[in-house]
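Coordinates in review
Residues per chain are reported as follows:
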Amino acid sequence: METQNNGEPGRSLTPLLNRLLVALFALLWTAFGSWLWAQEVPRSESDSLAVKSDSLLVVLPIESDTLLSDTLLIEEKEEGVDTTISYSADHIYYDVNRRMTVLTGHAAIEYKDMELTAGEIEVDWERRILTARPVADTLYLDSLKTEIDTLVLRDYPHFQQGADDFTGDEIAYNLETKIGRVKGGRTKYQDGEYYGEQFKRISEDVITVNKGTFTTCDADTPHYHFSSKRLKLIVGKRVIARPVFICFEDVPVMAAPYGIFPSQSGRTSGIIIPTFGESAGQGRFLRDMGYYWAPSQYIDILTTWDYFEKFGVLGRSTLRYEKRYIMSGSSSFYFDTQRSETTKNRNFRLETRHSQTIDPNTRLNVDGKYVTNKQFVENVGSVSDLLDQSISSNATFSKTWNNSPWSLSANAGYTQNIQNETWNASLPRIRLSHKAGDLFPAPKPPRNLRGAVAIKETRTPWYRAFKWSYNVDYQNNINYPKRPEETGLLLEPIRIDGSESRATSIYGEDSTKVFRKDGLAHSGSFSANAKLFRYFNLNPSLNWDSDWVRSTVHYVQEDRDLVRDDEEGLFTRTTFNLGTSVNTKLYGMARHPLGIGASFRHTMTPSVGFRYRPDFSDEKWGYYETVEMSDGRSYTYDRFEASETASNIGGTPRGLSESLSFGLGHLFQMKTGSEENENEKKFDLLNVSMNSGLDLKRDSLKWDDLRMTFRSGIPGKLIGPFESLSFDVGTTHSWYAHNESNGKVNTFFFDSEGGSWFSPLELTNMNTNVGISLRPETIGALFEFGGAPEEELPDSLLLDEQTSLEDEQGDIPFDPALTPEHSVRNIPPAPQAKKGQGPTQLYQMPLDIDLSFHQTRDFLRGTSASNRLSSTMRFELTPRWKSSMNFTFDLDEKKTSNASVTVTRDLHCWEASFQWSPLGFRPGYFLRIGLRSPQLKDVKIERHRGGNIGGFY
């Protein structure tokens with residue numbers, strides 16, 4: 001529906017509907033507050049204290065038969081009172097006729113869990129009423145007490161019963177009805193303090209307050225408070241005020257017909273207070289309107305929704321549950337309804353997680369996710385969702401047995417790529433495993449004889465060193481790759497060198513087919529660990545795999561091409577490899593070398609290994625098949641090709657292999673302090689590893705690349721402000737030279753142009769990660785200026801000692817209320833900054849800096865996959881101003897790729913924060929000023945711009 005205004009195009013009624021929505025919400029909120037106010041008020045006691053007001057203010061004259069000067073503790077059992085009353089005081093006065101007792105001077109009464117203390121307590125045994133008041137005291141101007149200075153009140157009444165704790169000018173309490181009243185009272189509950197002219201307890205759980213205030217500020221003069229003519233405290237649930245004013249100091253700035261504040265500790269069911277606001281990207285909005293429901297201690301449900309004027313509605317609901325030692329989990333549902341001038345979309349996302357311990361040896365874990373399309377992730381998802389571009393779901397059942405090496409697991413998994421809309425699933429995957437155990441186990445005691453013990457071996461036999469392990473893994477893969485199925489091969493013409501022809505796959509036209517592959521994989525190993533000549537570790541091993549599949553790849557000749565015609569049935573493939581390795585350790589020690597106050601240890605671990613694997617492409621194994629064409633061309637292919645089998649099978653290894661492997665590890669360790677002084681510290685200074693290999697059966701390029709890693713993590717203080725250095729560098733070196741297309745040639749690098757005897761290897765790749773932290777006490781300490789320690793200050797900057805002794809009388813703190821002539825004489829002169837330094841106080845700010853550098857570089861192509869510098873800086877402008885900055889700088893592009901700034905201000909009971917992201921995935925800012933109290937976190941002011949619906953809010 002549209003209307004016309006001065007001939008202009010029709011305007012939408014959306015603003016009018018928004019105003020009606022806000023008005024309807026205010027009306028519902030007022031009605032809800034009225035309903036809450038009427039709840040939990042006993043009709044018979046809501047307007048009465050069960051005693052007359054004037055009777056509580058009667059002052060009993062001292063006409064007692066007894067005057068006791070010492071403090072007494074007396075226990076009495078009155079008729080109508082169900083337990084003993086204990087009271088004590090410096091003086092106790094009795095009025096037998098009126099059945100009154102007056103306690104003065106440190107008076108205290110205990111009744112059940114109630115305790116009342118005051119300067120004076122009056123007990124009316126007839127009406128079962130206690131009345132407590134402070135006592136007057138006199139302050140004199142002289143020691144002889146002849147001239148009165150001030151009359152003051154001391155020992156104000158204090159009432160405590162369970163969670164109730166009150167202090168006031170006057171407290172009255174009825175022992176029978178458990179109803180009380182406090183005049184000029186104050187109490188504290190959780191992190192809030194309540195003040196009021198009169199507190200009236202009308203039931204065990206309900207307290208009303210006349211002209212009350214509430215604040216969470218603990219300053220002597222609160223910076224803010226909520227005031228109301230009438231407050232109702234429902235103990236352990238909520239506080240209701242009508243009307244309510246929020247005041248800064250004593251100035252009211254905002255009013256509402258009702259105010260509802262939660263006061264229940266722990267989880268509490270109730271309405272989630274929404275946030276109103278407006279942003280440039282989404283217009284006016286209403287955020288986080290919903291309800292939280294906690295039906296029991298094991299489960300809760302949170303449902304909220306957001307309304308955006310330009311976007312639509314975004315909703316979310318989360319169910320959580322947990323039973324300790326049995327189960328835990330959650331389910332979340334997100335949805336959005338986007339609208340535009342022409343379309344309206346509805347998308348949703350579902351997430352679930354469940355973990356259950358069926359018994360000590362059996363567990364079930366479920367983690368599932370589903371999203372309708374990528375548009376939902378772009379609008380609502382986090383930065384990690386945008387980078388991942390996929391969602392995964394898994395359900396795993398695992399089982400172990402006591403005193404058994406066997407274990408069982410069953411898994412069902414699903415992965416969806418939301419970018420290209422492909423998916424793959426594993427339905428199911430079942431794995432049975434036997435962990436490494438003795439091939440010839442030691443004898444065990446007989447099971448049928450009680451108290452029997454196993455036969456002890458005086459010497460462990462050599463064959464106890466043999467171990468074995470076994471795994472069987474069944475996997476059924478279903479995937480939708482959005483590509484056609486291969487239908488055949490197109491062979492190249494006969495090659496001049498007579499080598500085998502290459503082939504190009506031929507695909508069909510249907511790209512909607514879902515592929516299914518399954519297989520059963522058996523794997524096992526036999527190994528041993530034995531000592532050789534006392535100092536060497538010998539580790540022989542035999543590894544084998546046996547794979548069972550229900551189809552294999554098969555091609556038949558048709559004209560000049562090969563046509564795909566797979567074979568169906570049960571097919572097996574068994575492969576194996578065997579070998580051995582030898583390693584040892586060499587140690588070196590250096591205690592306090594060159595006068596360094598530390599000890600060093602160097603551990604060198606050389607190793608050498610040999611492994612043999614047959615050529616499984618040989619005809620005798622039957623795993624490869626060769627097709628001979630009529631024109632002389634031939635093509636050999638793997639019947640168990642990796643792309644055509646389940647992911648747990650893989651392709652068949654090809655070629656005879658007799659390989660040697662070499663490894664050398666260096667570990668440098670450092671120890672400081674001593675065990676006697678209890679300050680001993682040990683850490684790894686540097687860890688270096690080098691690995692390479694040689695295959696004796698290769699026709700060419702026999703040597704494998706040399707791979708080296710350098711790792712270090714040095715904690716604590718290093719030099720000056722530098723702390724916590726860590727780096728991880730990995731390099732790849734080639735023994736061979738490379739041609740113009742970066743392919744290896746069968747010529748050693750040191751024999752080629754560019755190589756030499758001192759540079760026999762070519763560096764091809766390097767991955768570098770370096771991190772370091774700077775922890776100077778101040779910014780000035782980082783640059784070594786901005787003021788010296790107090791004992792090193794020049795004489796001109798120190799307070800004159802004679803003036804200090806004659807003029808100062810103790811350490812008098814600075815008081816800005818004093819006039820300059822009264823204050824400056826007790827304050828040392830401020831240090832004078834040198835020219836160019838700026839304000840000295842700037843350099844006294846605490847500072848933390850974390851720097852990290854990452855680079856992945858390909859030296860053959862002269863390119864780097866990533867080359868960036870990242871930094872996080874945290875500093876305090878003042879004790880209450882804190883700031884942090886994060887940025888990532890791309891060293892290749894010479895520009896900042898991501899940056900953010902966060903500034904927080906401690907406002908005592910309030911807190912302000914500002915976040916600004918000028919660059920990155922979602923640039924924008926977010927400003928928030930709100931109360932620090934957890935129960936008043938919805939009292940806030942927010943402004944933001946940029947991002948998406950799930951980003952900058």
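Residues numbered from 1 in each chain as written. Predicted model: local features only at pLDDT ≥ 70, side-chain atom pairs only at ≥ 80, totals over all residues. Heavy atoms only, no water.

1. Topic: the overall build of the chain
Selection criterion: Runs of H or I in DSSP of at least four residues are treated as helices and runs of E of at least two as strands, each being numbered from the N terminus. Accessible surface area values rest on a Shrake-Rupley calculation with a 1.4 Å probe, where residue burial reflects the displayed protein chains alone.
In terms of helices and strands, the chain carries seven helices and 58 strands. Carbon and sulfur atoms form 54% of the exposed surface of the chain, whose accessible area is close to 57300 Å².

2. What about unusual backbone geometry?
Leaving glycine aside, a negative phi is the common case for residues, and trans is the common case for peptide bonds. Residue Pro 243 follows Arg 242 across a cis peptide bond; omega there is -25 degrees. Turning to its location among the elements, Pro 243 is positioned in strand β18 (residues 238-248). With a phi angle near 55 degrees, Asp 155 is a residue other than glycine that sits in the positive phi range. Along the chain, the position of Asp 155 falls in the loop between β10 (148-154) and β11 (158-161).

3. Some remarks on the nonpolar core
Short version of the rule: For this analysis, a nonpolar core means a set of buried residues of the types Ala, Val, Leu, Ile, Met, Phe, Trp, Tyr and Cys, connected via side-chain atoms within 4.5 Å. Burial classes follow relative accessibility: with a 1.4 Å probe on protein chains only, a residue under 20% of its type's maximum area counts as buried, one over 50% as exposed, and anything between as partly exposed. By the convention used here, residues are in contact when the closest approach between their heavy atoms is within 4.5 Å.
Grouped together as the largest cluster of nonpolar side chains are 41 residues, with contacts concentrated most on Ile 121 and Phe 226. If one sorts the elements of this core by residue count, strand β7 (residues 114-124) sits on top with five residues. Those residues within four positions of Ile 121 in sequence are excluded, and the remaining contacts are Thr 101, Val 102, Leu 103, Ala 107, Ala 108, Ile 109, Leu 116, Thr 131 and Ala 132.

4. Description of empty space enclosed by the protein
Filter applied, for reference: Grid points spaced at 1 Å over the protein atoms alone were grouped into cavities, where a 1.4 Å probe fits but cannot get out, and pockets, open sets with protein on both sides within 12 Å along at least five of seven lines, with lining residues defined by an atom within 4 Å of a point. Grid points are joined across faces, edges and corners, and a volume is the space filled by probe spheres set on the points. When residues are sorted by character, Ala, Val, Leu, Ile, Met, Phe, Trp, Tyr, Cys and Pro go into the nonpolar class, Asp, Glu, Lys and Arg into the charged class, and all the rest, Gly among them, into the polar class.
Taken as a whole and assessed by the stated rule, the structure comprises three cavities of 30 Å³ or more. Of the pockets and cavities examined, the second largest cavity occupies roughly 110 Å³. Contributing to the lining of the second largest cavity are Phe 159, Phe 166, Ile 171, Ala 172, Tyr 173, Gly 180, Arg 181, Val 182, Phe 199, Lys 200, Arg 201 and Ile 207. In terms of residue class, the lining of the second largest cavity is built from eight nonpolar, one polar and three charged.

5. What about the packing of aromatic side chains?
Convention followed: Aromatic pairs are defined between Phe, Tyr and Trp rings, using the six-membered ring for Trp, whenever the two ring centres lie within 6.5 Å; interplanar angles under 30 degrees are classed as stacked, those over 60 as edge-to-face, and all others as tilted. Here, a charge over a ring means that NZ of Lys or CZ of Arg falls within 6 Å of the ring centre while also lying within 35 degrees of the ring normal.
Applying the stated rule across the entire model yields 27 aromatic pairs. Residues Trp 462 and Phe 466 carry aromatic rings whose centres are separated by 6.1 Å and whose planes lie at 75 degrees to one another, so their mutual orientation is edge-to-face. Owing to a relative accessible area of 66%, Trp 462 belongs among the exposed residues under this scheme. On the numbers, 6.3 Å between centres and 35 degrees between planes, the contact of Phe 616 with Tyr 623 is tilted. In this structure Phe 616 comes out as buried when scored by relative accessible area, which is 0%. Following the ring pairs from residue to residue traces out a cluster consisting of Phe 214, Tyr 224, Phe 226, Phe 248 and Trp 910. One residue, Arg 483, lies across the ring of Phe 515, its end atom 5.2 Å from the ring centre.

6. Digging into the pairing of β11
Quick reminder of the rule: Paired strands, in this sense, are two strands between which DSSP finds at least two bridges.
Burial of β11 is one-sided: the residues Phe 159 and Gln 161 facing one way are buried, the residues His 158 and Gln 160 facing the other way are not. The pairing of β7 with β11 spans four bridges and is classified as antiparallel. When the bridges of β11 are listed, Thr 117 appears paired with His 158. The sheet contact formed by β11 and strand β12 (residues 164-167) spans four bridges and is antiparallel. Among the inter-strand pairings, Gln 161 is bridged to a residue of β12, identified as Asp 164.

7. Comments concerning the pattern of salt bridges
The line we're drawing: Salt bridge, as used here: a side-chain nitrogen of Lys or Arg that lies within 4 Å of a carboxyl oxygen of Asp or Glu.
Within the structure shown, the criterion is met by 30 salt bridges. Here Lys 399 ties to Asp 359 by a salt bridge, and the two come within 3.9 Å at their closest N and O atoms. Of this pair, Lys 399 sits in strand β29 (residues 390-400) while Asp 359 sits in strand β27 (residues 344-359); the two residues are 40 residues apart in sequence, bridging distant segments of the chain. Measuring nitrogen to oxygen at the nearest pair gives 2.9 Å for the salt bridge that ties Asp 704 to Arg 698. A cluster of three or more residues bridged by salt bridges with shared partners is formed by Glu 120, Arg 133 and Glu 170.

8. Here's the deal with the sheet that holds strand β33 (residues 486-491)
Cut-off, in case you're wondering: Axis angles are defined between N-to-C directions and span 0 to 180 degrees, where every axis is a line fitted to C-alpha atoms and, for a helix, only to the segment in contact.
Taken in spatial order, the four strands make up an open sheet running β34-β33-β39-β38, and their pairing is antiparallel. Sheet topology places β34 (503-507) and β38 (555-558) at the edges, where each strand pairs with a single neighbour. On average, adjacent strands in this sheet sit at an angle of 30 degrees to one another, irrespective of strand direction. Relative to β34, β33 is paired through five bridges, and the arrangement is antiparallel. Looking across to β34, one finds that Gly 488 is bridged to Ile 506.

9. Structural notes on a nonpolar patch on the surface
Quick note on the threshold: In this scheme, patches are assembled from residues that exceed 30% relative accessible area and form no salt bridge. Like charges are connected within 9 Å, while nonpolar side chains (Val, Leu, Ile, Met, Phe, Trp, Tyr) are connected within 5 Å.
Taken together, the side chains of Leu 439, Phe 440, Trp 462, Tyr 463, Phe 466 and Phe 526 make up a nonpolar region of the molecular surface, amounting to roughly 590 Å² of accessible area. Tracing the chain through its elements places Trp 462 in the loop between β31 (422-438) and β32 (466-480).

10. Structural notes on the environment of Arg 316
This is how it is decided: Here a polar contact is taken to be a pair of N or O atoms separated by no more than 3.5 Å, where protein atoms must pair a possible hydrogen donor with a possible acceptor and residues adjacent in sequence count only if both atoms sit in side chains.
Structurally, the position occupied by Arg 316 is in strand β25 (residues 312-323). Remark: the alpha-carbon pair of Arg 316 and Phe 333, spanning 17 residues in sequence, is separated by 5.5 Å. Those residues in contact with Arg 316, other than ones at most four positions away along the chain, are Asp 288, Leu 302, Thr 303, Thr 304, Trp 305, Asp 306, Phe 333, Tyr 334 and Phe 335. Engagement of the side chain of Arg 316 in a polar contact is seen with the side chain of Thr 304, the distance being 2.8 Å. A polar atom in the side chain of Arg 316 sits 2.5 Å from the side chain of Asp 306.

11. A short note on the side chain of Ser 913
Within the secondary structure, Ser 913 is located in strand β56 (residues 910-917). Accessibility expressed as a relative area gives 17% for Ser 913, which makes it buried. Not counting residues within four places of it along the chain, the set of residues in contact with Ser 913 comprises Val 903, Thr 904, Phe 926, Leu 927 and Arg 928.

12. Quick word on the side chain of Thr 104
Counting through the fold element by element, Thr 104 comes out in strand β6 (residues 100-111). If sequence neighbours within four positions are ignored, Thr 104 has contacts with Ala 89, Asp 90, His 91, Tyr 93, Gly 119 and Glu 120.

13. Digging into the confidence of the model for the chain
How we decide: For every residue, the predictor assigns a confidence score, pLDDT, that lies between 0 and 100.
The predicted model of the chain has a mean per-residue pLDDT of 77, with 76% of residues at 70 or higher. Predicted confidence for residues 1-13 stays below pLDDT 50, and this span has 10 contacts to residues more than four positions away or in other chains. Counting interchain partners and residues more than four positions distant, the pLDDT-below-50 stretch residues 41-77 has 87 contacts.

14. Digging into the environment of Thr 221
Following the sequence through the fold, Thr 221 ends up in the loop between β16 (206-215) and β17 (224-234). For the pair Thr 221 and Glu 249, spaced 28 residues apart in sequence, the C-alpha separation works out to 7.6 Å.

15. Some points on the pairing of strand β53 (residues 863-876)
Strand direction decides the pairing type here: strand β52 (residues 847-858) and β53, joined by 12 bridges, are antiparallel. Bridging across to β53, Arg 857 finds its partner in Ser 864. The hairpin turn running from β52 into β53, its antiparallel successor, is four residues long, and Gly 862 in that turn takes a positive phi close to 70 degrees. Adjacent in sequence and paired antiparallel, β53 and strand β54 (residues 881-890) are bridged by four residues.

16. Points about the state of the cysteines
For the record, the criterion: Criterion for a disulfide: a pair of cysteine sulfur atoms within 2.5 Å.
Tallying each qualifying case throughout the model produces zero disulfides. Cys 217 takes part in no disulfide bond, and the closest cysteine sulfur, belonging to Cys 909, lies 3.6 Å away. By relative accessible area, which is 2% here, Cys 217 ends up buried. Here Cys 909 falls in the buried class, since its relative accessible area comes to 5%.

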